Amino acid sequence: QVQLVESGGGLAQPGGSLTLSCIASGSIFSINTMGWYRQAPRGERELVATITAAGITDYADSVKGRFTVSRDNAKKMVSLQMNSLKPEDTANYYCHADLYPHGWGRSYEYWGQGTQVTVSS
């Protein structure tokens, strides 16, 4: 079984910073893309940032220049450094991984349980 475990959410003031981390564990042969999505109350889940195994990144326009996604392949870990936080960044943030659990063949998508980020004064 594969698990994605997030940490680092919490409360921040506008203009503040938070760092999220996610570690993948279990039966994992290789990981393609890892990243972060978020879902605000009464909203749809949306992409925040992703990073490939080669380090190629992609960001939502709303977070470009403020958030930085990084990855440690050896630790099977992805992190999200969030700076200049805004109230509209308030959401439940989910770690995502597209990976091969048993060998080359079909890849599968996995999600973490989510970690709450609240930006408020």
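These numbers come from a predicted model, not from an experiment.

Scoring rules and cut-offs
- Every chain's residues receive numbers from 1 upward, in the order its sequence appears when written.
- Since the coordinates come from a predicted model, pLDDT governs what is reported: local features require at least 70, and pairs of side-chain atoms require 80 or more to be given and counted, while whole-chain, interface and lining totals use all residues.
- Side-chain descriptors were evaluated using all non-hydrogen atoms of the structure, hydrogens and water having been removed beforehand.
- Put simply, DSSP marks the helices as runs of H or I at least four residues long and the strands as runs of E at least two long, and each gets a number from the N terminus on.
- This radius of gyration counts C-alpha atoms alone. The globule rule is 2.2 Å times how many residues there are, raised to the power 0.38.
- Throughout, exposure labels follow a simple rule: accessible area from a 1.4 Å probe, protein chains only, divided by the maximum for the residue type, with under 20% read as buried, over 50% as exposed, and the rest as partly exposed.
- Contact criterion: two residues are considered in contact whenever any of their non-hydrogen atoms come within 4.5 Å of each other.
- Values of accessible area rely on a 1.4 Å probe in the Shrake-Rupley scheme; residue burial ignores everything except the protein chains shown.
- Only centres within 6.5 Å qualify two rings of Phe, Tyr or Trp (six-membered ring in Trp) as a pair; their planes then separate them into stacked at under 30 degrees, edge-to-face at over 60, and tilted for everything else.

S.K.: Honestly, the overall build of the protein chain in this entry has me stumped. Any pointers?
M.R.: Summing up its helical and strand segments, the protein chain has 0 helices and 11 strands in all. Starting at the N terminus and walking to the C terminus, you meet the elements of the protein chain as β-β-β-β-β-β-β-β-β-β-β. In terms of overall size, the protein chain behaves like a compact globule, its C-alpha atoms giving a radius of gyration of 14 Å where 121 residues would be expected to give roughly 14 Å. Seen along its three principal axes, the alpha-carbon backbone of the protein chain occupies a region of about 45 × 25 × 25 Å. Of all 121 residues assigned to the protein chain, the portion counted as buried reaches 42%. Counted over contacts in the protein chain with a minimum sequence separation of 6, partners at least 24 positions apart contribute 56%. Approximately 6400 Å² of the protein chain is accessible, and the part contributed by carbon and sulfur atoms is 47%.

S.K.: Can you help me understand the packing of aromatic side chains in this one?
M.R.: Within a pair of aromatic rings, the relevant descriptors are the distance that separates the centres and the angle that separates the planes. Counting across every chain of the model gives 3 aromatic pairs. Ring centres of Tyr-37 and Trp-111 lie 5.1 Å apart, and the angle between their planes is 70°; this geometry places the pair in the edge-to-face category. One end of the pair, Tyr-37, is in strand S4 (residues 30-39); the other, Trp-111, is in strand S10 (residues 108-111), with 74 residues separating them in the sequence. Overall, Tyr-37 belongs to the buried group, its relative accessible area being 19%.

Keep in mind that these numbers describe shape and distance, not what the molecule does.
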